[in-house]
Number of protein chains: 2
Amino acid sequence: MAIALPKTTEQVAEIVKWANDNNIAIVPSGGRTGLSGGAVASNGELVVAFDKMNKVLEFEKTTQQVKCQAGVITEQLQQFATDNELYYPVDFASSGSSQIGGNIATNAGGIKVIRYGLTRDWVMGLTVVTGKGEILELNSGLIKNATGYDLRHLFIGSEGTLGLITEATIKFTRPPTNLTVLLLSIEDMTKVTELLNLFQKDVDLTAFEFFSEEALQKVMAHHQLPRPVETQGAFYCLLEFDADSEERLEKALESFEAGLEQELILDGVMSQSQQQAEELWKYREYISETISARKPYKNDISVTPDKVSEFLAKVDNIVSEQYPDFEVIWFGHIGDGNLHLNILAPESMSYEDFTAACEQVNPLIFNVLKNLGGSISAEHGVGLLKKPYLNYSRSDAEIAYMKGIKAVFDPNNIMNPGKLI
Amino acid sequence: MAIALPKTTEQVAEIVKWANDNNIAIVPSGGRTGLSGGAVASNGELVVAFDKMNKVLEFEKTTQQVKCQAGVITEQLQQFATDNELYYPVDFASSGSSQIGGNIATNAGGIKVIRYGLTRDWVMGLTVVTGKGEILELNSGLIKNATGYDLRHLFIGSEGTLGLITEATIKFTRPPTNLTVLLLSIEDMTKVTELLNLFQKDVDLTAFEFFSEEALQKVMAHHQLPRPVETQGAFYCLLEFDADSEERLEKALESFEAGLEQELILDGVMSQSQQQAEELWKYREYISETISARKPYKNDISVTPDKVSEFLAKVDNIVSEQYPDFEVIWFGHIGDGNLHLNILAPESMSYEDFTAACEQVNPLIFNVLKNLGGSISAEHGVGLLKKPYLNYSRSDAEIAYMKGIKAVFDPNNIMNPGKLI
């Protein structure tokens, strides 16, 4: 395996032309934080890594847009926004090492999607090198541009199968001023939709997360943290909103009280300071890391938010029926219908046997998902790991059109072959 | 010319299959409000109109999403949102007759883009019939769905050249509670960027429009309206924001006062009621209709908002040098860099001579645009009228890829042939 570390878009174009001439496959590599094997080079491909294309190039104050190279780290971009009194709202656990090019190639989501959308919503322009080695400047920061197919949106989420993203123009927004967190315990998930309806009617939520009592117990034990809410529930919801005026704070409190009265909530706490807000976020943010030693089998799935509780109940049933000794850890983003299903092996089981068992359950889970119109990969992409299951979320006709599009941009099939489609 | 009026997606698919078998070209027709000739059938094509597919199908409260047929009128959708205490924020002059399918096919923008984005940002799912006659269900309302190329975004803005949009899932949002309008007179356009910076720093603007003194004079004369701001300027800016709390209203007032102090503003008025806000909007909204009797030559162009004043000055120079007796009426959306350039013929000139003269000026204007990285069609689409100029905004390589994509979805080139590309 060879690694190329280009410094410019032109160098990337040269590499792709050379690869075409010599029939060498290319695998793009960003921060190597992917969870679906999209950047795995397992067949002697040439890895093109963007670690040396890590510069912020230009910032324009009026448009609040920044142009940067693909290798810029997410956290670096967030910090650059903060330094300019602005805000880059796409945020997730791997912000410290994921690169902006990789975020765009997978249309990364994260924890603030309910308010701020996905990476797609912040990309105002792209420079790409297609699978043919041609450089395209896509949209260049224009807000309105009705001149044909928006190829920018085609490259977003394409997982390196059409070409390589080398530069991006990203827009920032005004930062929130007083992010406030509510942590609520709830009896079960059946009323979570009503709870979401109640709050979103009057409050601009920036997050509506959830996790199970099992997840909470593991975090408390691992990090020696106290129980955050007095009354124990089966699940917990973490709500965040910007209390930037008295009116807004009052509306959130009214919704909270209505939730107690309507018995949608068992108990809850609200942060009184930024520090308290951060403390409460830990119970949600620490989950992934806490269970990582147990090598969980991860499924990153989504339905529309109204179907979350139905879907969760059905999957819980499937897993507990098939494998009563497997532990199930649920957490994720109710606000956008994205559930992270993490299955933990019994201590006695080998990792290979466990993975094989989980893969046997996948078709059952994905069938439920298909019937509910859901997605087999909400935000982790398809890569290698989800490719066998793509037909649960996309029709044969759609997959055929995707292959047709790939052939237009990458006729020799050298760009990340074997991934996605 | 024949017109088909299908009632279902399946009927549309049958029509497209039949057209493929008989080599008949299809032109989709929505509300027939387009300004670029995208729905013109001039070669005996079969027109497929969506007037009988005008039903709202489903509404889901939690997701705030509505599924509707392509022939639903924009205003009907806005009203449906209001009836459910929600808001569909895409709004423009032709809302009373434009159809949602046409809005999506051209990615319509309008007057609230600075805050709410374009049609694209509200489309959560599409049902389309491709040029091959295949039905695709694209995304189905999921917020997070990282399973390959987002074909939904490819169809948005494709102007009926890839297939026909038959149904759409649209999301709504919470309605604003107290929309407030500031109408400001300014000395010239050189400081408009500073003015935008000043306000957007602290105020969530829902609109930042502008128009020239010439435009204002015509509206006042035609509609017998009084001068809205005491001190006359060369241009006027109309700002709208949601004064949903005292804090927000104060911040807007502070920005206004700072604008006066810094001599960015000559004078201004602020609405004190919804009725006054509507009265102030009239000065901007009436322009198009007021000058329509003069059959203006329209160019709908955009640059990034920081370049608006430079671009406007350069175009003003070109037109006044080339045709000193032509009247130029400027208005548009500073907040998103979209300028509507309307040129009026001298009374003595024939319409044909006038149009020919304007077309001679187009390459000069589009060259300026190209050098500034702008778009030759900000929100009206390409259709027939802008097709000869597409290469000012898109490179040859991009146009070649667009043609490649069209061939994948419409191999017999029956979908709106001769339009866009």
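By the naming in an unreviewed UniProt entry, chain A is FAD-binding oxidoreductase, taken from Kangiella spongicola. Under Cofactor (unreviewed entry), UniProt gives the following word-for-word description of chain A: "FAD".

1. Concerning a nonpolar patch on the surface
Residue and element names in this part refer to chain A. On the surface, a nonpolar cluster with roughly 240 Å² of combined accessible area is contributed by Val40, Leu384 and Leu385. Inspection of the secondary structure assignment puts leucine 384 in the loop between α12 (351-371) and α13 (396-409). Residue class for leucine 384 comes out partly exposed when judged on its relative accessible area of 34%.

2. Things to note about the packing of aromatic side chains
On inspection of all chains with the given rule, the structure shows 30 aromatic pairs over all chains. Among the aromatic residues, those joined into a ring-pair cluster are Phe59(A), Phe80(A), Tyr88(A) and Phe172(A). The ring of Trp122(A) has Lys171(A) sitting right over it, with the charged end atom 5.3 Å from the ring centre. Residue placement shows Lys295(B) over the ring face of Tyr351(B); its charged tip is 4.9 Å from the ring centre.

3. A few points about the side chain of Lys419(B)
All names here are of chain B. Inspection of the secondary structure puts lysine 419 in the segment after α13 (396-409). Within the buried set, lysine 419 has no salt-bridge partner at all; the shortest N-O distance to an opposite charge, 5.1 Å, is to glutamate 45. In this structure, lysine 419 is in contact with Val27, Gly37, Gly38, Ala39, Val40, Thr161, Gly383, Leu384 and Lys387, ignoring residues within four places of it in sequence.

4. Quick notes on the relation of the copies chain A and chain B
With an RMSD of 0.0 Å, chain A superimposes on chain B once it is rotated by 180 degrees and translated 0.0 Å along the axis. Both chain copies can therefore be described as sitting about a two-fold axis. Most of the interface of chain A is mirrored in chain B: 100% of its interface residues are interface residues there too.

5. Things to note about the pairing of strand β10 (residues 205-212) of chain A
The two faces of the sheet receive side chains in turn, since in a regular strand these alternate between them. All names here are of chain A. In terms of burial, β10 is largely enclosed, as eight of its eight residues are buried. The sheet contact formed by β10 and strand β11 (residues 235-242) spans seven bridges and is antiparallel. Of the residues in β11, the one forming a bridge with phenylalanine 208 is leucine 239. Alignment of β10 against strand β14 (residues 327-333), held across three bridges, turns out to be antiparallel.

What counts, and at which threshold
- Residues numbered from 1 in each chain as written.
- Chains lettered and ligands numbered in written order.
- Predicted model: local features only at pLDDT ≥ 70, side-chain atom pairs only at ≥ 80, totals over all residues.
- Heavy atoms only, no water.
- UniProt positions renumbered as here; feature names shortened; annotations may be inferred.
- Patch = residues over 30% accessible without salt bridge, like charges linked within 9 Å, V, L, I, M, F, W, Y side chains within 5 Å.
- Areas by Shrake-Rupley, 256 points an atom, 1.4 Å probe, with all protein chains shown as cover.
- Salt bridge = Lys/Arg side-chain N within 4 Å of Asp/Glu carboxyl O.
- Helix = DSSP H or I, 4+ residues; strand = E, 2+ residues; numbered from the N terminus.
- Buried < 20%, exposed > 50% of the residue type's maximum accessible area, 1.4 Å probe, protein only.
- Phe/Tyr/Trp six-rings, centres within 6.5 Å; stacked < 30°, edge-to-face > 60°.
- Lys NZ or Arg CZ within 6 Å of the ring centre and 35° of its normal.
- Lys, Arg positive; Asp, Glu negative; His and termini not counted.
- Contact = heavy atoms within 4.5 Å.
- Least-squares fit on C-alpha atoms with pLDDT ≥ 70 in both.
- Pairing = 2+ DSSP bridges.

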